[in-house]
Amino acid sequence: GPWEEDAVHQWSEQSFAQANNQEDDLALINRYLPYRPDDVPPAGRPLEIASTGRVNAAANRGVIEMNTDSDAFHFTLAEAGSLELAVERADRVPTCMLDVDL
């Protein structure tokens, strides 16, 4: 069937302990399919925040194109004050690591 953008697939380069197959799945796949271009620059990009202060997840998303990619989003507060922040991982990507720095 057609490739699904939101499908989650996992391959490895067998770099984990006790790997019994030294085949690099990522290199094999890349022989036939190029990696996608990076959609979020290495320096990150500003969060799109609505006037209500809510962040629309659909407008602020990134695709992890390869095992060395990371996607960062940033914002700056206009003035000192309190901030209520909730960060949630997408249900379909349970292995995605989130890192929030304040």
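Residues numbered from 1 in each chain as written. Predicted model: local features only at pLDDT ≥ 70, side-chain atom pairs only at ≥ 80, totals over all residues. Heavy atoms only, no water.

Trainee: How do you make sense of the overall build of the protein when you look at a structure like this?
Mentor: When helices and strands are counted, the protein shows one helix and two strands. Walking the protein from its N terminus toward its C terminus, one meets helices and strands in the order α-β-β. Here the protein, with 102 residues, has 11% of them falling under the buried criterion. At a minimum sequence separation of 6, the contacts of the protein that also span at least 24 residues come to 40%. Surface accessibility of the protein: about 9000 Å² in total, with carbon and sulfur atoms responsible for 52%. (Helix = DSSP H or I, 4+ residues; strand = E, 2+ residues; numbered from the N terminus. Buried < 20%, exposed > 50% of the residue type's maximum accessible area, 1.4 Å probe, protein only. Contact = heavy atoms within 4.5 Å. Areas by Shrake-Rupley, 256 points an atom, 1.4 Å probe, with all protein chains shown as cover.)

Trainee: How should a nonpolar patch on the surface be read in this particular structure?
Mentor: Together, Ile49, Val55, Phe75, Leu77, Leu83, Leu85, Val87, Leu98, Val100 and Leu102 make up an exposed nonpolar region whose accessible area comes to about 890 Å². Relative to the assigned elements, Val55 resides in the loop between strand E1 (45-46) and strand E2 (73-74). A relative accessible area of 41% places Val55 in the partly exposed class. (Patch = residues over 30% accessible without salt bridge, like charges linked within 9 Å, V, L, I, M, F, W, Y side chains within 5 Å. Salt bridge = Lys/Arg side-chain N within 4 Å of Asp/Glu carboxyl O.)

Trainee: When you look at the side chain of Glu65 in this model, what are you seeing that I'm missing?
Mentor: Positionally, Glu65 belongs in the loop between E1 and E2. It turns out Glu65 is buried and unbridged, and the closest side chain with the opposite charge, Arg36, is 5.5 Å from it. Once you skip the residues sitting within four places of it in the chain, Glu65 turns out to touch Tyr35, Arg36, Pro37, Asp38 and Asp39. (Lys, Arg positive; Asp, Glu negative; His and termini not counted.)

Trainee: How should the confidence of the model for the protein be read in this particular structure?
Mentor: Interpretation of this model should avoid reading the predicted coordinates in detail wherever pLDDT is low. For the protein, mean pLDDT is 77; residues scoring 70 or higher make up 77% of the total. Between the elements of the protein, mean pLDDT differs from a low of 85, seen in helix H1 (residues 25-32), to a high of 92, seen in E1. (pLDDT = per-residue confidence, 0-100.)

Trainee: So what exactly am I meant to see when it comes to the environment of Arg36 here?
Mentor: Mapped onto the secondary structure, Arg36 falls in the loop between H1 and E1. For Arg36, a relative accessible area of 45% translates into the label partly exposed. When the C-alpha positions of Arg36 and Met66 are compared, they lie 8.2 Å apart, and in sequence the two are 30 residues distant.

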